[in-house]
Amino acid sequence: MADLKLTHVEKAYGEVKILEDINLDIGTGELIVFVGPSGCGKSTLLRMIAGLEKITSGTLEIDGQVVNDIPPARRGIAMVFQSYALYPHMTVRENMAFALRIAKRDRAEIDAAVNRAAEILQLTPYLDRLPKALSGGQRQRVAIGRAIVRDPKVYLFDEPLSNLDAALRVATRIEIAQLKEKMPDSTMIYVTHDQVEAMTLATRIVVLTVGQGIAQVGTPLDLYERPENEFVAQFIGSPAMNLLEGEIVGTGAETEIRLADGGIARSAVPTQASDKGMAVRVGIRPEDMVPTEGTAIYSGTVDITEALGEVTQIYFRAENGAAPVIAKLPGIHAGLRHKTVAMTADPAKVHLFHDGRSLLYR
Amino acid sequence: MENIAGRKSALNWAVHLSVLALVALWVLPTFGLLVSSFRTGDQIAASGWWRALTTQEQQLSPIRVEGEEVERNGAYEIAGTLFPRARSTVSVWGTSSRAIDAYKAGETADLDDGETLTLEADGSYLLRSPVSLKDTRLPRIFATASQPPEFTLANYRTVLFGKSTGTSIGQAFLNTATVAIPATVIPILVAAFAAYALAWMSFPGRALLVAAIVGLLVVPLQLALIPLLQFHNWIGIGKGYLGIWLAHTGFGLPLAIYLLRNYMVGLPRDIIENARVDGASEFEIFVKIILPLSFPALASFAIFQFLWTWNDLLVALVFLGTGNDQLVLTGALVNLLGSRGGEWEILATSAFVSIAVPLAVFFAMQKYLVRGLLAGSVK
Ligand SMILES: Nc1ncnc2c1ncn2[C@@H]1O[C@H](COP(=O)(O)OP(=O)(O)O)[C@@H](O)[C@H]1O
Ligand SMILES: [Mg+2]
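The structure displayed is predicted, hence computed values, not measured ones. (Residues numbered from 1 in each chain as written. Chains lettered and ligands numbered in written order. Predicted model: local features only at pLDDT ≥ 70, side-chain atom pairs only at ≥ 80, totals over all residues. Heavy atoms only, no water.)

Digging into helix H10 (residues 295–311) of chain B
Residues and elements named next belong to chain B. Its 17 residues give H10 an end-to-end C-alpha distance of 24 Å, which sits within 8% of 24 Å, the value for a rise of 1.5 Å per residue. Burial runs high along H10: 12 of the 17 residues are buried. Along H10, the positions that sit buried rather than exposed are Pro 296, Ala 297, Leu 298, Ala 299, Ser 300, Phe 301, Ala 302, Ile 303, Gln 305, Phe 306, Thr 309 and Trp 310. (Helix = DSSP H or I, 4+ residues; strand = E, 2+ residues; numbered from the N terminus. Expected span 1.5 Å × (residues − 1). Buried < 20%, exposed > 50% of the residue type's maximum accessible area, 1.4 Å probe, protein only.)

Next up, the structure:
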């Protein structure tokens, strides 16, 4: 049960600024996911919240209290590390009881807490084993159990699933989602570079960029449907959103754009008359591309098709077109290779960017 | 391919053979020492230790007939045995050094003046004479006998509990333990704290401190002996156990800190940070996380330090007195070589007593030795 508030938080190692001007309000019961490319400072931000890393400037408040200089143990947080960080010389039970023993709680209370956590995570049969006798998924659960036992105000997870194999990762992801449901009042911050984890777990996602702080904060669908900038637009969704150069030729409630490669696109993003002639990039997700007989936004020859079963990914390119454009069509379209295709899209799903920023958020 | 495989197996052979040679080089003398320590001086002089388990045929030193004279049937007889204790078997014998194999066992020798001497295989003899043998020189027997293997604990009794002067190995053993155990424990206690600080606590000058310790590793100990003793005298410790503990601690610390720091630096950072999040203080992290996880390194250093202080002579000579209450094993062995240099059984036993503890320590802890030394180099 806790609110977090980050105000103008910055982190620098010597001269090198890693994080700049981070402002964030996190409410009780939220599951916030930090997502971003490797090296953008997700772990650093999490460790600053944990108190393991000094905050260079700005303030961090937990429940209204500035905690910049409060040691980790007294911030009411628990952290699950990417490497699990289990104490190798202690049994599962001792691992989970460690924090409470340090806090000098009485035995009965410790036992009850450990047993309850073990119950939730189905670890009861393994309580007397050493970590080395556990599988990766079990170790992961012990690490989570260690956090639960402390009943913290804020849970911090640093890429907790990245050491698991694909199948286990899905299963554990679902377990974490269920865990969150059982503890609706606990605040969780979860770091990942995997957008599927971000999309499925988060109440809100924080997208971080390398060196430029937060790119956007919003619910998963916000980020998907209304990305604020090209970075978020391309980071969320797979394959990444297509970006096509163009120029605004018609303004109003619906905007008309003439593309460099000759096509005409319509977008539901409203523009004013003064925007006429503005150079923009048109963003269309591969899954929003629809084959058409009429006016095409983009047409070209198919280079490659990838049949994935439920969808087929088509890479096509106009004559002289620089990068291929990707369309994701439902079903199997094996015969399209070397054929010419023409695609359009619902204007509501056509995004417009100028200087990297979405015209929707002017 | 074949070539490479061939060379590799040749290399393997070379490795195996040299390991074998090294093992033999090391084990044979040790084992010889052990066997010899259970044999009597005569046995050691007569045959090598590798024949200790077989029956030995050997020429005994001449034994003069002795015993109470009894008169029977008008003749005077003396009966006795050559081997009051051992179960040896006589094969041939004689009564003069020029003919030591004149008779077989059970035969009767005719001596001058009507005397006869009979020697049975089991060593019992009977001397018979028509006149009284009182006040005459009795004949000597030069027997060749085969002796079954025989081992004795007498050497250990003598060496450990004997009260002979200046060379009481039992007392020296205790003295050495009094030196070696604290001289192992104290540096570990100090070094573990120092190593943790140097590995995991950030403070200004840490890198310089580590560099200084690496520098101290190469300072030869001989350089410091005399100044250190002068210093001890000056502050009033003088010669004694406290002085030698401190000296060994000082000489051992650089290596101890260096080994332990390197090991601790390699411990996963996450584990320590997790303990910090769990609310553990630096001291609790040290005691509950770092120390248990560093056990291999602690053990390997402990083995080093213990073996070195146990076998040390130089530092003991400088910092301890030479009285019975301060003489260490190595010193006592040196004394023995001088005072009882010919008594091999005593020397062998003493030597074995002095290596028994290092051997036991080594075998008990060897896995930590390897693990601790390799720490950091292999994942
Ligand atoms: N102790 C440090 N000193 C200097 N730079 C660091 C330190 N720790 C991390 N960094 C840098 O900070 C950046 C962010 O690191 P990190 O937070 O681990 O990224 P992420 O978790 O998003 O992959 C990286 O470029 C990394 O090189
Ligand atoms: Mg990271």
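Structure shown, so let's carry the discussion forward.
Re the site of ligand 1
Residue and element names in this part refer to chain A. Around ligand 1 sit Tyr 13, Ile 18, Ser 38, Gly 39, Cys 40, Gly 41, Lys 42, Ser 43 and Thr 44, and that is every residue in its neighbourhood. Gly 39 places a main-chain nitrogen or oxygen 2.8 Å from an oxygen atom of ligand 1. Thr 44 places a side-chain nitrogen or oxygen 2.5 Å from an oxygen atom of ligand 1. When ligand 1 sits alone it has 570 Å² of accessible area, and the protein chains cover 55% of it. (Near = heavy atom within 4 Å. Polar contact = N/O pair within 3.5 Å; in protein donor to acceptor, adjacent residues only side chain to side chain. Areas by Shrake-Rupley, 256 points an atom, 1.4 Å probe, with all protein chains shown as cover.)

Observations concerning the sheet that holds strand S11 (residues 242–250) of chain A
All names here are of chain A. Read across the sheet, six strands follow the order S13-S12-S11-S14-S20-S21 without closing on themselves; strand pairing throughout is antiparallel. The two strands at the open ends of the sheet, each matched to only one other strand, are strand S13 (264–267) and strand S21 (357–358). In the sheet, S11 pairs with strand S14 (residues 279–284) via six bridges, with the strands oriented antiparallel. Counted as the bridge partner of Glu 247 is Ala 279 from S14. (Pairing = 2+ DSSP bridges.)

Overview of the interface of chain B and chain A
Opposite the 16 residues of chain B that make contact, chain A presents 21 residues. Regarding the contact of chain B and chain A, the summed buried area is about 1,600 Å², with carbon and sulfur atoms giving 63% of it. The largest contributions to the chain B side of the interface with chain A come from Asn 274, Val 277 and Asp 278 of chain B, which together make up 37% of the buried area. Close ionic contact of Arg 150 of chain A with Asp 278 of chain B constitutes a salt bridge, the shortest N to O distance being 3.5 Å. At the surface where chain B touches chain A, the tally comes to eight residue pairs in polar contact (both at pLDDT 80 or more). Counting only elements with at least two residues in the side of chain B that touches chain A, the list comes to helix H8 (269–277) and helix H9 (282–293) of chain B. (Contact = heavy atoms within 4.5 Å. Buried area = accessible area lost by both parts, 1.4 Å probe. Salt bridge = Lys/Arg side-chain N within 4 Å of Asp/Glu carboxyl O.)

Focus: the pairing of strand S1 (residues 4–13) of chain A
Taken residue by residue, a regular strand's side chains alternate between the two faces of the sheet. Residue and element names in this part refer to chain A. Bridge count between S1 and strand S4 (residues 57–62): five bridges; the pairing is antiparallel. Considered in S4, the bridge of Thr 7 is made with Thr 59. Relative to strand S2 (residues 16–26), S1 runs antiparallel, the two being bridged by seven bridges. For Lys 5, the partnering residue across the bridge sits in S2 and is Asp 25. The antiparallel hairpin formed by S1 and S2 contains two residues in its connecting segment, where Gly 14 sits at a positive phi of about 65°.

Comments concerning the packing of helix H5 (residues 206–217) of chain B against helix H7 (residues 241–265) of chain B
The angle between the axes and the distance between the axes are what describe a pair of packed helices. Residue and element names in this part refer to chain B. Relative to each other, H5 and H7 sit at 130°, their axes nearing to 8 Å. Compared by their axis directions, H5 and H7 come out oblique. Where H5 crosses over H7, the handedness of that crossing is left-handed. Mapping the contact onto sequence places Val 210, Ile 213, Val 214, Leu 216 and Leu 217 in H5 and Pro 254, Leu 255, Ile 257, Tyr 258 and Arg 261 in H7. Looking at side-chain class alone, the contact of H5 with H7 contains nine nonpolar, no polar and one charged residues. (Axes fitted to C-alpha atoms, helices over the stretch in contact; angles between N-to-C directions. Parallel < 35°, antiparallel > 145°, perpendicular 65-115°, else oblique. Left-handed = near helix turned anticlockwise from the far one by under 90°. Nonpolar A, V, L, I, M, F, W, Y, C, P; charged D, E, K, R; others polar.)

Side note on the sheet that holds strand S8 (residues 116–119) of chain B
Residue and element names in this part refer to chain B. On the basis of which strands lie adjacent, the open sheet formed by five strands has the order S3-S4-S9-S8-S7 and antiparallel pairing. Of all the strands in the sheet, the pair left with one neighbour each is strand S3 (69–72) and strand S7 (108–110). This sheet shows a mean twist of 25° between the axes of neighbouring strands, independent of strand direction. When S7 meets S8, the two strands line up antiparallel, connected through three bridges. Across the sheet, residue Thr 108 finds its bridge partner in S8, namely Thr 118.

Notes on the pattern of salt bridges
Opposite charge on two side chains allows them to pair when their charged atoms are near. All names here are of chain A. What the rule picks out here adds up to 23 salt bridges over all chains. Residues Glu 30 and Arg 204 are paired through a salt bridge, measuring 2.7 Å at the closest nitrogen-oxygen approach. Of this pair, Glu 30 sits in the loop between S2 and strand S3 (31–35) while Arg 204 sits in strand S9 (residues 204–209), and the two are 174 residues apart along the sequence. For Arg 204, a relative accessible area of 23% gives the class partly exposed.

A short note on the domain arrangement of chain A
All names here are of chain A. In terms of domain boundaries, chain A breaks down into domain 1 (4–235) and domain 2 (242–361). Distance from the C-alpha centre of domain 1 to the C-alpha centre of domain 2: 38 Å. Contacts between domain 1 and domain 2 engage 11 residues on the former and 11 residues on the latter. Overall, the association of domain 1 and domain 2 removes approximately 1,100 Å² of surface from exposure, summing both partners, and the carbon and sulfur fraction of that is 47%. Broken down residue by residue, the surface that domain 1 buries against domain 2 is led by Tyr 224, Glu 228 and Glu 230, which jointly contribute 55%. Where domain 1 meets domain 2, there are two salt bridges. Across the pair Arg 357 and Glu 228 runs a salt bridge whose closest N-O atoms are separated by 3.9 Å. Run the count over domain 1 and domain 2 and you get seven residue pairs in polar contact (both at pLDDT 80 or more). Looking at the side of domain 1 that touches domain 2, the elements that each hand over two or more residues are helix H7 (220–225) and helix H8 (230–235). For the side of domain 1 that touches domain 2, the per-class residue count stands at four nonpolar, three polar and four charged. (Domains from an automatic or database assignment.)

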